[in-house]
Amino acid sequence: MKQILTSSLALALLAAAPAFAQRKATIENVHEIEFSSVPNFLKLPSGEYLGESVAVATNSKGHVFVYHRSANTRLFEFDQTGKFLKEIGAGYYGFEFAHSVRVDKDDNIWTVDEGTNMVTKFSPDGKVLMVLGRRPPAVEDPLSYPVGPNVPAKKYILCRPTDVGWDPQGNIFVSDGYCNNRVVKYDRNGRFLAQVGSEKAGKDLGEFNLPHGLQVDGQGNVWVADRGNNRYQVLDNNLKPMREITNLGTAWTVCVSSGSHQYAFMSNSNPNGNMPGSWDTTGEIYKAELDGTVLGKFGHPAKLAPGFQVVHMMDCRNPNEIIAGEIESWRVQKLILQPASAKATGSR
């Protein structure tokens, strides 16, 4: 979500954010996956700090990208050992309030910025290759979010987008977002193809109330973290609803692993602000087969690692090594999971 924090914009975005109740997961008898956290995984240069680490991703080399909200929204690259390599996009006009970073099969880096209403594709060496959406010019409106009822959703204008993914053919899918409530499909060149949902929030299948995260599996199906509706929706490649998952608490984010056998990871994060009682009912991450069978869960809320403080986004390229970006502890953890049991213990 952020970048330069013009104080008025930052406060406006936070004030405009919808307030959603956190929900306890109702699934029972779920296997606990044991895990460990790699101590001091990321090594920052002297004098550098992470802000709210809302977005993390890895590339084919194992390099880690962290898109974080600081005095300026910034995108850092680390190598596979956690050594700092470089900053990408310093001073870039498309950075204002970070929300997501993802890396595609060609190692291009994509950022989703809620403050500028833009999705940007960077080459592996940091050159801008494509832009979706448009930053609202200051001469038109100093605030980059709508006041009053949402205007009808447009093909190429985004409104506080949240995430991005791609199918095997290279089509682009964007969850859009905090003021629109839709998923948009573009072709590999950025041409609009379809959308599901609209500017209006809804609770039926194919409708959304803050689509907060998105990933696409190897079959081209689209997984959406429908946060305001406390569910995940799975759509086919044409954005037709296939099913929903409603027993894993509040849908903060979703990640689909690489490889021939893919898994889905879903976060029932403890909420911003740690409201009274929330630590007792939230904070865990679930691992599931793509058919929805839950294999296990891991994690709990805590201020110190290996506990979690609002897991906003995960990378699960390797399903046994999860990179978790946390908002409220301003950190990134590398989690090593023990192999899952052969038999799933949770109900679907």
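Being a predicted model, the structure only gives us computed values, none of them experimental.

J.: Whenever I open this one, the overall build of the protein confuses me. Can you help?
T.: Scanning the protein from terminus to terminus reveals two helices and 24 strands. Counting over 348 residues, the protein shows a buried share of 58%. Counting contacts in the protein only where the partners sit at least 6 residues apart, residues at least 24 apart contribute 52% of the total. Counting only carbon and sulfur atoms, one obtains 52% of the accessible surface of the protein, whose full area is about 14,300 Å².

J.: Can you help me understand the pairing of strand 19 (residues 263–267) in this one?
T.: Regular strands place their side chains on alternate faces of the sheet. Counted residue by residue, strand 19 has five buried out of five residues, so it is predominantly covered. Judged by which residues are buried, strand 19 turns out to be covered on both faces: Y263, F265 and S267 on one side and A264 and M266 on the other are all buried. Pairing analysis gives four bridges linking strand 18 (residues 253–256) to strand 19, with the strands arranged antiparallel. The partner of V256 across the bridge, within strand 19, is A264. Remark: six residues form the turn of the hairpin made by strand 18 and strand 19, two consecutive strands paired antiparallel; G259 in that turn has positive phi of roughly 95°.

J.: Looking at this structure, how should I read the layout of surface pockets?
T.: Here the idea is plain: a probe the size of a water molecule rolls over the atoms and shows the empty space left. Taken as a whole, the largest pocket holds about 700 Å³ of empty space. What lines the largest pocket is a set of 31 residues, and nearest its centre among them are V103, D104, K105, W166 and V216. For the lining of the largest pocket, the secondary structure elements donating two or more residues are strand 2 (52–58), strand 6 (98–103), strand 10 (161–166), strand 14 (211–216), strand 18 and strand 22 (311–318). For the lining of the largest pocket, the element with the most residues is strand 22, which contributes four residues. When its residues are assigned to classes, the lining of the largest pocket shows 12 nonpolar, nine polar and 10 charged.

J.: Can you walk me through the environment of Q233 in this structure?
T.: Mapped onto the elements, Q233 comes out in strand 16 (residues 231–235). By relative accessible area, Q233 is classed as buried at 0%. Q233 has contacts with D204, L205, G206, E207, F208, V222, W223, V224, D226, R243 and E244, leaving out every residue within four places of it along the chain. Of the polar contacts made by the side chain of Q233, one reaches the backbone oxygen of E207; its length is 2.6 Å. A polar contact is formed between the side chain of Q233 and the side chain of D226, at a distance of 3.2 Å.

J.: Help me understand unusual backbone geometry, please; the structure alone is not making it clear to me.
T.: Note: most peptide bonds trans; most residues except glycine with negative phi. In the segment running from D176 into G177, the intervening peptide bond is cis, with an omega of -5°. Within the fold, G177 resides in the loop between strand 11 (172–176) and strand 12 (181–186). The omega torsion across A305 and P306 is 10°, close enough to zero to call that bond cis. Even without glycine at this site, N29 takes up a positive phi of about 55°.

J.: Would you explain the sheet that holds strand 1 (residues 35–37) in this entry?
T.: Across a sheet, paired strands are connected by hydrogen bonds in the backbone, their directions being either parallel or antiparallel. Ordered by their spatial adjacency, four strands build an open sheet running 1-24-23-22, and the pairing between neighbours is antiparallel. Each edge of the open sheet is held by one strand with a lone partner, namely strand 1 and strand 22. This sheet shows a mean twist of 25° between the axes of neighbouring strands, independent of strand direction. Across five bridges, strand 22 lies against strand 23 (residues 321–326) in antiparallel orientation.

J.: What is the right way to read the environment of V234 from this model?
T.: The topology assignment puts V234 in strand 16. Taking the C-alpha atoms as reference points, V234 and W223, separated by 11 residues in sequence, lie 4.7 Å from one another.

J.: Would you take a moment to explain the pattern of salt bridges for this structure?
T.: Where charged atoms of side chains with opposite charge meet at close range, the side chains can pair. Taken as a whole, this structure holds 15 salt bridges when the rule is applied. Linking D106 and K105 is a salt bridge whose minimum nitrogen-to-oxygen distance equals 3.4 Å. What you see here is one network of salt bridges that share partners, running through E48, R74 and E87.

J.: What should I look at first to understand the packing of aromatic side chains in this one?
T.: In this description, a pair of aromatic rings is defined by centroid distance and the angle of the planes. The tally for this structure, following the rule as stated, stands at 13 aromatic pairs. Ring centres of Y67 and F95 lie 5.1 Å apart, and the angle between their planes is 55°; this geometry places the pair in the tilted category. Within this pair, whereas Y67 is found in strand 3 (residues 64–69), its partner F95 is found in the loop between strand 5 (84–88) and strand 6, the two being separated by 28 residues in sequence. Residues Y67 and F95 agree in their burial class; the two are buried. The structure contains a cluster of three or more aromatic residues connected by ring pairs, namely Y67, Y92, F95 and F122. Cation over ring: R227 sits above W252, and NZ or CZ is 4.1 Å from the ring centre.

J.: Mind showing me how you'd approach the nonpolar core here?
T.: As a rule of thumb, nonpolar side chains are buried together in soluble globular proteins. Counting 19 residues, the largest nonpolar core has F65, Y67, L75, V101 and I109 as the members making the most contacts within it. Every element with two or more residues in this core is listed here: strand 2, strand 3, strand 6 and strand 8 (118–122). In terms of nonpolar packing, the next biggest core, distinct from the first, is built from 18 residues, I27, W223, L248 and A288 among them.

Thresholds, definitions, all that
Residues numbered from 1 in each chain as written. Predicted model: local features only at pLDDT ≥ 70, side-chain atom pairs only at ≥ 80, totals over all residues. Heavy atoms only, no water. Helix = DSSP H or I, 4+ residues; strand = E, 2+ residues; numbered from the N terminus. Buried < 20%, exposed > 50% of the residue type's maximum accessible area, 1.4 Å probe, protein only. Contact = heavy atoms within 4.5 Å. Areas by Shrake-Rupley, 256 points an atom, 1.4 Å probe, with all protein chains shown as cover. Pairing = 2+ DSSP bridges. 1 Å grid on protein atoms, 1.4 Å probe; cavity = no way out; pocket = protein on both sides within 12 Å on 5 of 7 lines; lining within 4 Å. Points joined across faces, edges and corners; volume = space filled by probe spheres on them. Nonpolar A, V, L, I, M, F, W, Y, C, P; charged D, E, K, R; others polar. Polar contact = N/O pair within 3.5 Å; in protein donor to acceptor, adjacent residues only side chain to side chain. Axes fitted to C-alpha atoms, helices over the stretch in contact; angles between N-to-C directions. Salt bridge = Lys/Arg side-chain N within 4 Å of Asp/Glu carboxyl O. Phe/Tyr/Trp six-rings, centres within 6.5 Å; stacked < 30°, edge-to-face > 60°. Lys NZ or Arg CZ within 6 Å of the ring centre and 35° of its normal. Core = buried A, V, L, I, M, F, W, Y, C linked by side-chain atoms within 4.5 Å.

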